[in-house]
Number of protein chains: 2
Amino acid sequence: MSTPPSSGRPHIVIVGCGFGGLEAARKLQSADVDVTVIDKTNHHLFQPLLYQVATAGLAAPAIAAPVRVLFRGRPSITTLLGEVTDIDPKAQQVRLADGTLISWDHLIVAAGATHSYFGNDQWAQAAPGLKTLADAFEIRRRVLLSFEQAEVETDPAKRRALLTFAVIGGGPTGVEMAGTLAEIARHTLSGEFRRIDPASAEVLLIEGGPRVLQAMPESLSQRALEQLQKLGVQVRLNARVTSVEPHGLQVESPFSDGGAGVGTHHIPCNCVVWAAGVAASPLGRMLASATGAETDRAGRVKVQPDLSLPGHPNISVVGDLAAAMSHRPGHEPKPVPGVSPGAKQMGRAAAANILRRIAGQATEPFRYRDYGNLATIGRNSAVVDLGTPFGPLRFSGKSAWLFWLFAHVYFLIGFRNRFVVLLDWASAYWSFQRYARVVADATAKGKQP
Amino acid sequence: MSTPPSSGRPHIVIVGCGFGGLEAARKLQSADVDVTVIDKTNHHLFQPLLYQVATAGLAAPAIAAPVRVLFRGRPSITTLLGEVTDIDPKAQQVRLADGTLISWDHLIVAAGATHSYFGNDQWAQAAPGLKTLADAFEIRRRVLLSFEQAEVETDPAKRRALLTFAVIGGGPTGVEMAGTLAEIARHTLSGEFRRIDPASAEVLLIEGGPRVLQAMPESLSQRALEQLQKLGVQVRLNARVTSVEPHGLQVESPFSDGGAGVGTHHIPCNCVVWAAGVAASPLGRMLASATGAETDRAGRVKVQPDLSLPGHPNISVVGDLAAAMSHRPGHEPKPVPGVSPGAKQMGRAAAANILRRIAGQATEPFRYRDYGNLATIGRNSAVVDLGTPFGPLRFSGKSAWLFWLFAHVYFLIGFRNRFVVLLDWASAYWSFQRYARVVADATAKGKQP
């Protein structure tokens, strides 16, 4: 059941409507082409703020825009909800889970990434990651229910485990989650419980490397560490997780006295958040074997300088699914980091190159513009590392937090979303209240806790 | 593991934090008593606006207030999340699902109602009701995904079934759902689809009796019917549903030519909403058999004039779980309708009677003040039936809609919620956009559609 548009114009199919897919579609929306965007959810997600949904600070609609609304006024763009299960480079078709076939003249695969448990996929149930709204809802549910169950629990050991939260991975997501969990425990929930003191909750941030926020300069990592500790987060560096179960985890870390070797200890804990590893969508390997392209260790597809696949100029891969290099004249190529600006720029560049191919022109190699890095730690503190024409600009603390706040709100889609997010954050700032605390199915069976 | 407060003051346990339980707790919050509120969710739900969540017009936090936040400044009120599975009138204890026992001196059971499928519980999977947030999310998911699947579907018969929506039950919930679904199809989604025309969706409202909104005067029922038809809703009166399956329903209705007997026809339809029958929580029957009280056909517990159980003056039942009468001096007792003002007034009255008992005073019979009825049909139209000192006041149309809007917003909890709801409705009014359209798990297996 093949479904090409009948206009005779080139038909471009974009798989995935995250940052990469959305920017590609926007680049193509006024061109003389037909575009079909396929996503397995009905929304474009502003992932940098997903941890806010996971910590009940924002409701999902504030950070998610329905995809087909974005292209409402663009008849040349068709939006389909579906999961792509197969890509056929010879027939130039994708197949959806329900069997539908969709033909393309050009294909952009922007299917993104998911969690990697470093070969321990069995940890996924006990330690959800934070990549989708479903993830965020599950984490929020577990966090809120941990406090609820602790209020009813009479066994002190079980109560202690319920009030212990572990975040694995010291990148921006982990740092933001850990900082926010500490705030919830110390401030938001204060006064609401009678039998437990929520401020007594322990929040652990477990990082395998020597510092948090390893993509940022050392000085900012140090600032972030201090801010986290000030919030009461216990940061364990050089600590490897060796096992995750429903009621605890095993952590291997060096001895604190500096002695040789590592010690392993067990942490009873009912709520573990995985923010440690990212793996490319399984479509990556599928695409690679179908086209002969190579993948890296994380399953990302290695692309040419113009983001297309070797031997398949009409297939491009962008975003977290791509292992791409940035090409700057007179410099060595540098890997493009897996961050949202990278995905957006790649999406735009791949779309521009498709338009060049259609016009018979040569494509251009991709060049990533690194505008810097931001991470927030708590309600008063962030770290910002920007490149400017005058050199790097690094700052932290309250002003960094304000910068972080406005930068994130600016990039949200839609006036209403920006307004509601600012409203929620302003209320949260002054009152410590968090407005998205609803758990719909608190007593659903079979879910942990 | 018995957990009474240790203060020596009377301990009142309230089961359920809907309208009845919340008002009872508020009545007791300043009294010299200890109160424990037990609910199986973590939120108090403003049920009259649940259909807005089900139709993606509002996000859940706008109509749900976290219970323990409501009593934050009240040390005498403890909130517990749990499901009461057993009530022991002799030992004066309730048991939670996890085995916890909680003792009480006085008990108010306000556990509410759930759906009744008139003995056909197997219809529940194909035709969810609308009583909880989980219900609303499921309906929203099915509605939005119906349009999404229709966009991909190539078989015309299957597409027709996907674009047919049936609402069963012509009370306020059914009328509001049907009217809103018609608006979504005709206005909200216009321009967003390329292969289907969402305005071609059929919305059916199936009512077993001779008119919609049977609790309201006939003139207003007639207005509502006209408004629904103007929105394109097909209203089938005197129509009984005889079977509900995942892909269609069987309806038995009189012949349109007025001939004797009834005809049965099959309606292919993938999205059915059940708004037809209400049954009391199973705690009703449990309580009745434990205390010797009687229940009515819907499982509601028959209470004394002061809302307590016969022979058990320290157990009261309020809200949708109670079959209560309103006692007005010089008049015949009248049944209290199962609406939110009824539940609120009963909650307050039961709490007041408990305080009288504690003080050694006589209790008072409950008197329901009927302030009238409202129902909205679409964005411009509602019907309002109010009692005033000068007689009944009935009106419909745009002014009724404004009245309905402000009345509902007024009764929401919290300044932020009122503000956000007004914002969402203002935006929706001007732009037809609905801001809570996110479906988190569109491709989850095992769920229909």
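In the nomenclature of an unreviewed UniProt entry, chain A is known as NADH:ubiquinone reductase (non-electrogenic) of Variovorax ureilyticus. Per UniProt, chain A has the following entry under Sequence similarities (unreviewed entry): "Belongs to the NADH dehydrogenase family." Quoted verbatim from the Catalytic activity (unreviewed entry) heading of the UniProt record, the comment on chain A is "a quinone + NADH + H(+) = a quinol + NAD(+)".

Undergrad: Quick one: what's the story with the overall build of chain A, residue by residue and with numbers?
TA: Assigned secondary structure in chain A consists of 11 helices and 27 strands. Against the globule reference of 22 Å for 449 residues, chain A gives a C-alpha radius of gyration of 23 Å, in line with a compact fold. Sorting the 449 residues of chain A into buried and exposed places 56% on the buried side. Residue pairs in contact within chain A that sit at least 24 positions apart in sequence constitute 61% of those at least 6 positions apart. As displayed, chain A offers around 18200 Å² of accessible surface, 53% of which is attributable to carbon and sulfur atoms.

Undergrad: Describe the sheet that holds strand 15 (residues 248-254) of chain B, and please don't skip the residues or the numbers.
TA: Residue and element names in this part refer to chain B. The strand order across the open sheet built from 3 strands is 14-15-16, with neighbouring strands paired in antiparallel fashion. Only two strands of the sheet have a single partner each, and these edge strands are strand 14 (240-245) and strand 16 (262-268). Taken pair by pair, the neighbouring strands of this sheet meet at an average axis angle of 20°, ignoring direction. Strand direction decides the pairing type here: strand 14 and strand 15, joined by 5 bridges, are antiparallel. By the bridge assignment for strand 15, Ser243 is matched with Gln250.

Undergrad: Lay out the relation of the copies chain B and chain A in plain terms, naming residues and giving numbers.
TA: After a rotation of 180° and a shift along the axis of 0.0 Å, chain B superposes on chain A with an RMSD of 0.0 Å. In short, the pair behaves as if placed about a two-fold rotation axis. Comparing contact sets, 100% of the residues at the interface of chain B also lie at the interface in chain A, consistent with an isologous, same-surface contact.

Undergrad: Got a sec to walk through unusual backbone geometry? Specific residues and values, please.
TA: Although it is not a glycine, Leu213 of chain A sits at a positive phi angle of roughly 50°. Residue Leu213 of chain A is classed as buried on the basis of its relative accessible area, which comes to 1%.

Undergrad: Can you break down helix 5 (residues 133-152) of chain B residue by residue, with the values?
TA: With 20 residues, helix 5 of chain B should reach 28 Å at 1.5 Å per residue; the first-to-last C-alpha distance of 29 Å fits that figure. Of all 20 residues that make up helix 5 of chain B, 17 are buried, and the element is covered over most of its length.

Undergrad: If you had to explain the interface of chain B and chain A to someone new, which residues and values would you point to?
TA: Taken together, the 57 residues of chain B in the interface contact 57 residues of chain A. When chain B packs against chain A, close to 4900 Å² is buried across both sides, 58% of that on carbon and sulfur atoms. Taken together, the links from chain B to chain A amount to 4 salt bridges. For the side of chain B that touches chain A, the secondary-structure elements that each account for two or more residues are helix 3 (60-63), strand 4 (64-66), helix 4 (67-70), strand 5 (77-81), helix 5, helix 7 (172-188) and helix 12 (415-431) of chain B. Looking at which element gives the most residues to the side of chain B that touches chain A, the answer is helix 5 of chain B, with 8 residues.

Undergrad: Pulling in residues and values, what's your account of the packing of aromatic side chains?
TA: The tally for this structure, following the rule as stated, stands at 16 aromatic pairs over all chains. Measuring from ring centre to ring centre gives 5.2 Å for Phe147 of chain A and Phe165 of chain A, while their planes differ by 25°; the resulting arrangement is stacked. Note that Phe147 of chain A is positioned in helix 4 (residues 133-152) and Phe165 of chain A in strand 11 (residues 164-168), a separation of 18 residues in sequence. This pair shows no difference in class: Phe147 of chain A is buried, exactly as Phe165 of chain A is. Aromatic pair Phe395 of chain B and Phe403 of chain B: ring centres 6.0 Å apart, planes at 75°, arrangement edge-to-face. Its relative accessible area of 21% is what places Phe395 of chain B among the partly exposed residues.

Undergrad: Just give me the short version of the side chain of Ser316 of chain A, but keep the residues and values in it.
TA: Residue and element names in this part refer to chain A. Note on placement: Ser316 falls in strand 21 (residues 312-317). Note on Ser316: relative accessible area 1%, which makes it buried. Residue contacts for Ser316: discarding those within four places in its chain leaves Leu107, Ile108, Val109, Leu307, Ser308, Ala350 and Arg357.

Undergrad: Now, about the sheet that holds strand 9 (residues 106-109) of chain A: what can you tell me, with residues and values included?
TA: Residues and elements named next belong to chain A. The strand order 5-2-1-9-21-20 describes an open sheet built from 6 strands, whose pairing is mixed. Strands with a single pairing partner mark the edges of an open sheet, and in this sheet they are strand 5 (77-81) and strand 20 (308-309). Where strand 20 meets strand 21, 2 bridges bridge the pair, whose relative direction is antiparallel. Bridge pairing links Ser308 to Ser316 in strand 21. In this fold helix 9 (residues 340-358) packs onto strand 1 (11-15), strand 9, strand 20 and strand 21, with an angle of close to 170° to the strand it touches most, strand 9.

Undergrad: Residues and numbers for a positive patch on the surface, please.
TA: There is a patch of like positive charges on the surface, built from Arg328, Lys334, Arg367 and Arg369 of chain A. Mapping Arg367 of chain A onto the fold places it in the loop between helix 9 and strand 25 (372-378).

Undergrad: Would you mind going over the environment of Arg211 of chain B in detail, with residue names and values included?
TA: Residue and element names in this part refer to chain B. As for its position among the elements, Arg211 is in the loop between strand 12 (202-206) and helix 8 (218-230). The spacing of Arg211 and Leu96 is 115 residues in sequence and 42 Å in space, taken between C-alpha atoms. Every residue in contact with Arg211, bar those within four places of it in the chain, is listed here: Met216, Pro217, Glu218, Ser221 and Leu237. Within the structure, the side chain of Arg211 is placed 2.7 Å from the backbone oxygen of Met216, a separation counted as a polar contact. Of the polar contacts made by the side chain of Arg211, one reaches the side chain of Ser221; its length is 2.6 Å.

Undergrad: If you had to explain the domain arrangement of chain A to someone new, which residues and values would you point to?
TA: Residue and element names in this part refer to chain A. For chain A, the assigned domains read domain 1 (11-113 + 279-358) and domain 2 (121-276). Taking only C-alpha atoms, the centre of domain 1 and the centre of domain 2 are 33 Å apart. Taken over both partners, the interface formed by domain 1 and domain 2 buries close to 1200 Å², and the fraction arising from carbon and sulfur atoms is 72%. Taken as a group, Tyr51, Ala54 and Thr55 account for 43% of the area that domain 1 buries against domain 2, more than any other trio of residues on that side. Along the contact surface separating domain 1 from domain 2 lie 1 salt bridge. The residue Lys131 makes a salt bridge to Asp320 at a minimum N-O spacing of 3.4 Å.

Undergrad: Describe in detail the nonpolar core, supporting the description with residues and values.
TA: Among the nonpolar cores identified, the biggest contains 66 residues, and Leu49, Ile63, Leu133, Phe147, Met177 and Val233 of chain A are the most heavily contacted of them. Residues lining this core come from more than one domain, with at least three contributed by each of domain 1 (11-113 + 279-358) and domain 2 (121-276) of chain A. Setting aside residues no more than four positions away along its own chain, Phe147 of chain A makes contact with Leu163, Phe165, Ala185, Leu189, Phe193, Ile196, Pro198 and Ala201 of chain A. Ala60, Ile63, Val235 and Cys271 of chain B belong to the second-largest nonpolar core, a separate cluster that totals 65 residues.

Undergrad: Talk me through the pattern of salt bridges; I want residue IDs and the actual numbers.
TA: Residues and elements named next belong to chain A. Per the counting criterion, the structure on display carries 33 salt bridges over all chains. As a salt-bridge pair, Arg141 and Glu138 come within 4.0 Å of each other at their nearest N and O atoms. Of the two residues, Arg141 and Glu138 are both situated in helix 4; the distance of 3 residues between them amounts to about one turn of the helix. The pair Arg141 / Glu138 is uniform in exposure class, with both members buried.

Parameters and conventions
- Residues numbered from 1 in each chain as written.
- Chains lettered and ligands numbered in written order.
- Predicted model: local features only at pLDDT ≥ 70, side-chain atom pairs only at ≥ 80, totals over all residues.
- Heavy atoms only, no water.
- UniProt positions renumbered as here; feature names shortened; annotations may be inferred.
- Helix = DSSP H or I, 4+ residues; strand = E, 2+ residues; numbered from the N terminus.
- Rg over C-alpha atoms; globule rule 2.2 N^0.38 Å.
- Buried < 20%, exposed > 50% of the residue type's maximum accessible area, 1.4 Å probe, protein only.
- Contact = heavy atoms within 4.5 Å.
- Areas by Shrake-Rupley, 256 points an atom, 1.4 Å probe, with all protein chains shown as cover.
- Pairing = 2+ DSSP bridges.
- Axes fitted to C-alpha atoms, helices over the stretch in contact; angles between N-to-C directions.
- Least-squares fit on C-alpha atoms with pLDDT ≥ 70 in both.
- Expected span 1.5 Å × (residues − 1).
- Buried area = accessible area lost by both parts, 1.4 Å probe.
- Salt bridge = Lys/Arg side-chain N within 4 Å of Asp/Glu carboxyl O.
- Phe/Tyr/Trp six-rings, centres within 6.5 Å; stacked < 30°, edge-to-face > 60°.
- Patch = residues over 30% accessible without salt bridge, like charges linked within 9 Å, V, L, I, M, F, W, Y side chains within 5 Å.
- Lys, Arg positive; Asp, Glu negative; His and termini not counted.
- Charge placed at Lys NZ, Arg CZ, Asp CG, Glu CD.
- Polar contact = N/O pair within 3.5 Å; in protein donor to acceptor, adjacent residues only side chain to side chain.
- Domains from an automatic or database assignment.
- Core = buried A, V, L, I, M, F, W, Y, C linked by side-chain atoms within 4.5 Å.

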